[in-house]
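# Summary of structural features
Below, each chain spelled out in residue letters.
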Amino acid sequence: VQFTRAAAAVKETGAMLRVTPRLPRESFANLAADLHRDVACLMALEWVPRVSAPEREAHEREARRDGVEGYEIRERLPSGEVVRAATRPVYYPVSFVAPIEGNRPAFGLDLGSDRTRAAVLERAARTGEPSLSEPVHLVQETELSWALLLVVPVRTVATSAAAQDVSGFAVGVVRVENLVRSSLPASRGRGGEAMGLELVDEDAKGQPVVLFSNLAGDQAGKARETSLREPLALGGQHWSLFGRPHRTSLAGTSSGLAVAAGTGAFLVYELLLAVALSLRGRAREGVRHAEAELIRSVIRSMPEGVIIADTTGQFIVINDAARRMVGVGPTHVSPAEWSQAFGLYMPGTDRLFPADELPLARAIRGEEITETEVLVRNPRLGAETWIGATAFPLRDGEGRLRGGVAVFRDLTERKRTGELTERLSSAVEQTADSVLITDRRGVIEYVNPAFEVTTGYSRTEAIGNTPRILRSGKQPAEFYATMWSTILGGDVFKGTLINRKKSGVLFVTEQTITPMRDSRTGQLTHFVSVLRDLTDRLKLAENAFEQRLAGLVQQRLFPRTPPRLPGLEIAGVFAPAQATCGDYFDFISMPDGKLMFVVADVCGHGMSAALIMAETRAYLRSLARTGMQIQRIVAELNRLLLEDLEAPQFVTMILGTLDARSGALVWANMGHPKGLLFDATGAMRATLDSTCRPLGLFTDIGCQLGKPITLDPDDFLLVMTDGVLETTAPDGTEFGLGAVLDVVMANLQAPAETVAQRVVEAALAHQSGQPQLDDVTAVFIRRYFVGIGSHDLTFLNRTRTRNQARDGLPARWQQDFARLPLGIDARESVEP
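Now for a description of the structure that goes with this document.

### Regarding the overall build of the protein
- Counting its secondary structure elements, the protein contains 23 helices and 34 strands.
- Considering only contacts within the protein whose residues lie at least 6 apart along the sequence, 59% involve residues at least 24 apart.
- Accessible surface for the protein amounts to roughly 42,400 Å². Of this, 52% is attributable to carbon and sulfur atoms.

Structure, rendered in structure tokens:
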């Protein structure tokens, strides 16, 4: 399972590199971190491009420019020293590696310079399939531990099978020790493992190579002396796993031979009758005393529990096995008290076993009782015990009733095994994976309900048939020949198959076929096959990959940096709820020197909203370049979206133009949350309320411009999407306008980008760790003082008229302010 997860991670990395060959280093690190997180055995993910000799210097310069200090293509000498690689026609250097921590020495290592590494690259390029290297020592490891390279080719042409079309390789580094330890359940024994294990490459030249061992000291190498050997095949490599129980594990295991149960009732009867008569008659027949002692000794050593009682219920014999099974305490109790005294219960209940129905109680009344289950809950035992009691009467030579005998067998292990078997059977019946069992010839004998649901074949249709009913024809005959060769050889087969349902629909499965052997003869008798339907998982993985890729592309549609216009400080910040975003903001520098700004929100979020966002952006930018007025732009944009959108999709938007020199703001609000205009003190001057219907719903949205507004120096405008205001805390309270105002007041003197960022951060923090449900966007625009025009003079006169002291004004105004006479005519224009 661990190996399969690692292979899936490397395949996804390869797919990403094929689609985006010039993937940014940071994006690779983020992708690798997501994939690496859930794969315990994966040490690193790497990108190894194909670099020709003429490209070497440019490749090295680019890597150093990307921040890999001292990067060069290197190779490791047989001595272990790492040096600059010799001249070769082609190099395969480790260009990207993640995580960087602990793997930095791998940067630049030419995998083509080492015979073992080059061999796996060549095999992967030739076959086009994921390939596993022979064990190697890593350049980033100081100790000589073994590792494996899982290699996936990345081709420049997706459909090509030619080796020369390989642009590089996605490589997963798997430490053998991590692979083994992450695949085994913890148990008793040293190191948390019940077994001493050794993974051995027996095909290696010369002596077998031990790839992993958890044995130390004098125990090292001794796992191969035991009979436990499990052949393994992973990615084209064949090894053997040897096991040896730890001494601490053996210490808790019984080493005695099992004594065969089931002594014939006739023999037991005769034996016990003899001892009873001997014991009762020894006073008169002293000569038989020795025989009685011998028989008593035999009974005492029997593995079955034995209790003999006379007709009054007085116990005559209780052997050691009986004491272990029922925890016998007081022996001088009447039969009516046996259940209470010994804790004898009806199986599966909390009711005491009726005393007169106990097998021994019935035997002393002359009845013969076949095996009856009794549950023993005796404090002297410490744990519940199940026993099977057989009882029969004791009679003398003249047929007179002398008592009764009960023989007990401990059923505890059998019951627990039976319960475990029942639970396993129930688990197989209820598991979501398809399970089928065939005989040695491949004829189906059992299928679970999941098989019926997944394949469409009923149990009746499947049993008696063969798995050929699922064949799709997509695998070559050689595939099935290899499969049969593997399982008939006693090895487990694992593979990915394209199967066909009864309906004809194809589906992809991860299939494991395990040979089953007869425990006595060792002969193969059955095959157990488990099919895991990967179709939905592959679709999810593909969708997730597309989402991540679309997110990377979409982020480039947002302004990377706001335009720099004298007199304006501009910033926009967004936080998508998913990889893609339905929010949209943009800044467009107009030919007349004005700034056009837009903040929009597409109904919903995710991929469909992102597509509408991209479409809206393209239309708006095209219309803005024509020089149209805002009302006409809105009408045309609504017409275009109306043709493409389907109910209930729509777009809300605030669109405006701002003249940095005069502060004049022309705007329209198409059903969007209102924009907020503040003065330099943080007081709200005006709101940009809705003036039109949302885009994409009506043929005539009735667009009206908002009331003209003029921004004074140091006034600022904040426009948000509803994701900011409606972000919800665990108790159901929304972030709201009040919280936004608190953030603004706390950051009046901060730069525009800081204010926008803190509004978004505060809204997200309000969720207290809950999943983000909507995209969050904030745009901040501040006008600052760059010269004195008529409007600015009006503002300054108004300021002085209000008796505001010069010291209370922003520092950048004070020099110009000092030169102005009181009562200056605001209609005059004073140029800078």
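### Brief notes about the sheet that holds strand β9 (residues 166-175)
- The strand order across the open sheet formed by five strands is β6-β1-β9-β8-β7, and the pairing between neighbours is antiparallel. Two strands close off the open sheet at either side, each with one partner strand: β6 (96-98) and β7 (131-132).
- Contacting β7, β8 (147-155) and β9, helix α4 (residues 115-127) runs over the sheet at an angle of about 35° to β8.

### Section: the sheet that holds strand β34 (residues 776-783)
- Ordered in space as β25-β34-β33-β30-β31, the five strands form an open sheet in which the pairing is antiparallel. Strands at the two margins of the open sheet, each flanked by one partner only, are β25 (568-575) and β31 (684-688). Across the sheet, the mean angle from the axis of one strand to that of its neighbour is 15°, orientation sign disregarded.
- Relative to β31, strand β30 (residues 675-678) runs antiparallel, the two being bridged by four bridges. When the sheet's bridge partners are listed, Gly675 is paired in β31 with Leu688.
- Lying over the sheet, helix α20 (residues 736-746) contacts β30, β31 and β33 (716-720), oriented at roughly 140° with respect to β33.
- Running over the sheet, helix α21 (residues 752-765) touches β25, β33 and β34 and is turned about 25° from β25.

### Overview of helix α15 (residues 477-488)
- For α15, spanning 12 residues, the distance from its first C-alpha to its last is 17 Å, which sits close to the expected 16 Å at 1.5 Å a residue.
- Residues of α15 that are buried: Phe479, Tyr480, Met483, Thr486 and Ile487. Down the axis of α15, the smallest arc covering the buried residues is 125°, so these residues share one side. With respect to the buried face of α15, the exposed residues turned more than 90 degrees away are Ala477, Glu478 and Ser485.
- Of the residues flanking the end of α15, it is Gly490, one or two places downstream, whose phi is positive at about 90°.

### Quick notes on the side chain of Asn448
- Relative to the assigned elements, Asn448 resides in the loop between β21 (444-447) and α13 (449-455).
- Owing to a relative accessible area of 0%, Asn448 belongs among the buried residues under this scheme.
- Reaching out from Asn448, the side chain makes a polar contact with the backbone oxygen of Asp433 at a distance of 3.0 Å.
- If sequence neighbours within four positions are ignored, Asn448 has contacts with Val428, Glu429, Thr431, Asp433, Ser434, Val435 and Arg459.

### Focus: unusual backbone geometry
- With an omega dihedral of -5°, the bond running from Ala98 to Pro99 counts as a cis peptide bond.
- Its location among the elements puts Pro99 in the loop between β6 and α4.
- With a phi close to 75°, Asp714 is a non-glycine residue in the positive phi region.
- Note on Asp714: relative accessible area 12%, which makes it buried.
- Of note in this structure, Ser768 is not a glycine but carries a positive phi near 55°.
- By secondary structure assignment, the location of Ser768 is in the loop between α21 and β34.

### Focus: the environment of Arg18
- Residue position: Arg18 is located in helix α1 (residues 2-19).
- Residue Arg18 is classed as partly exposed on the basis of its relative accessible area, which comes to 42%.
- Residues Arg18 and Ala170, spaced 152 residues apart in sequence, show a C-alpha to C-alpha distance of 9.7 Å.

### A look at the pairing of strand β27 (residues 595-602)
- Of all eight residues in β27, eight are buried, a share of seventy percent or more.
- Judged by which residues are buried, β27 turns out to be covered on both faces: Leu595, Phe597, Val599 and Asp601 on one side and Met596, Val598, Ala600 and Val602 on the other are all buried.
- The sheet contact formed by strand β26 (residues 583-589) and β27 spans seven bridges and is antiparallel. Considered in β27, the bridge of Ser589 is made with Leu595.
- Taking the residues that link successive antiparallel strands as the turn, the β26-β27 hairpin has five residues, and the phi of Gly593 there is positive, at about 90°.
- As defined by bridge partners, β27 adjoins strand β28 (residues 651-658) across eight bridges and the pair is classed as antiparallel. Across the sheet, residue Leu595 finds its bridge partner in β28, namely Leu658.

### Considering the nonpolar core
- By size, the foremost hydrophobic cluster in this structure holds 51 residues, and its most contacted members are Leu655, Leu665, Met670 and Leu695.
- Among the elements that line this core, the one with the most residues is β27, at seven residues.
- The contact partners of Leu665, leaving out residues within four places of it in the chain, are Phe597, Thr657, Leu658, Leu688, Pro708, Ile709, Leu711 and Leu717.
- The next biggest cluster of nonpolar side chains, apart from the first, holds 34 residues, and it includes Ala7, Ala32, Val174 and Leu179.

### Comments concerning α4
- Its 13 residues give α4 an end-to-end C-alpha distance of 18 Å, which sits within 8% of 18 Å, the value for a rise of 1.5 Å per residue.
- Residues of α4 that are buried: Arg117, Val120, Leu121, Ala124 and Ala125. Looking down the long axis of α4, one finds its buried residues gathered within 135° of arc, a one-sided arrangement.
- Contacts from the buried residues of α4 go to β3 (74-76), β7, β8 and β9.
- Following α4 by one or two positions, Gly128 adopts a phi angle in the positive range, close to 75°.

### Section: the side chain of Asp583
- With respect to the element layout, Asp583 can be found in strand β26.
- Although buried, Asp583 forms no salt bridge, and the nearest oppositely charged side chain, Arg617, lies 14 Å from it.
- A polar contact is formed between the side chain of Asp583 and the side chain of Thr721, at a distance of 2.9 Å.
- Side chain to side chain, Asp583 and Thr777 meet in a polar contact 2.8 Å long.
- Apart from the residues lying within four places of it in its own chain, the contact partners of Asp583 are Phe558, Ala600, Asp601, Met613, Thr721, Asp775, Val776 and Thr777.

### Description of the pairing of strand β1 (residues 42-49)
- For β1, a buried count of eight out of eight residues is recorded, marking the element as mostly surrounded by other parts of the structure.
- Direction of pairing for β1 relative to β6: antiparallel, over a ladder of three bridges. Looking at β6, one finds that Leu45 is bridged to Ala98.

### Thoughts on the packing of aromatic side chains
- Taken as a whole and assessed by the stated rule, the structure comprises 11 aromatic pairs.
- An aromatic cluster of at least three residues, connected via ring pairs, comprises Phe315, Trp338 and Phe342.
- Directly above the aromatic system of Tyr345 lies the positively charged group of Arg377, at a separation of 5.0 Å from the ring centroid.

### Comments concerning the environment of Thr466
- Relative to the assigned elements, Thr466 resides in the loop between α14 (459-462) and α15.
- Thr466 sits 27 residues away from Asp439 along the chain, and the two C-alpha atoms are 9.7 Å apart.
- When sequence neighbours within four positions are dropped, the list of residues in contact with Thr466 reads Gly442, Val443 and Ile444.

Criteria and thresholds
Residues numbered from 1 in each chain as written. Predicted model: local features only at pLDDT ≥ 70, side-chain atom pairs only at ≥ 80, totals over all residues. Heavy atoms only, no water. Helix = DSSP H or I, 4+ residues; strand = E, 2+ residues; numbered from the N terminus. Contact = heavy atoms within 4.5 Å. Areas by Shrake-Rupley, 256 points an atom, 1.4 Å probe, with all protein chains shown as cover. Pairing = 2+ DSSP bridges. Axes fitted to C-alpha atoms, helices over the stretch in contact; angles between N-to-C directions. Expected span 1.5 Å × (residues − 1). Buried < 20%, exposed > 50% of the residue type's maximum accessible area, 1.4 Å probe, protein only. Arc of directions from axis to C-beta. Polar contact = N/O pair within 3.5 Å; in protein donor to acceptor, adjacent residues only side chain to side chain. Core = buried A, V, L, I, M, F, W, Y, C linked by side-chain atoms within 4.5 Å. Lys, Arg positive; Asp, Glu negative; His and termini not counted. Salt bridge = Lys/Arg side-chain N within 4 Å of Asp/Glu carboxyl O. Phe/Tyr/Trp six-rings, centres within 6.5 Å; stacked < 30°, edge-to-face > 60°. Lys NZ or Arg CZ within 6 Å of the ring centre and 35° of its normal.

None of this, on its own, says anything about what the molecule does.
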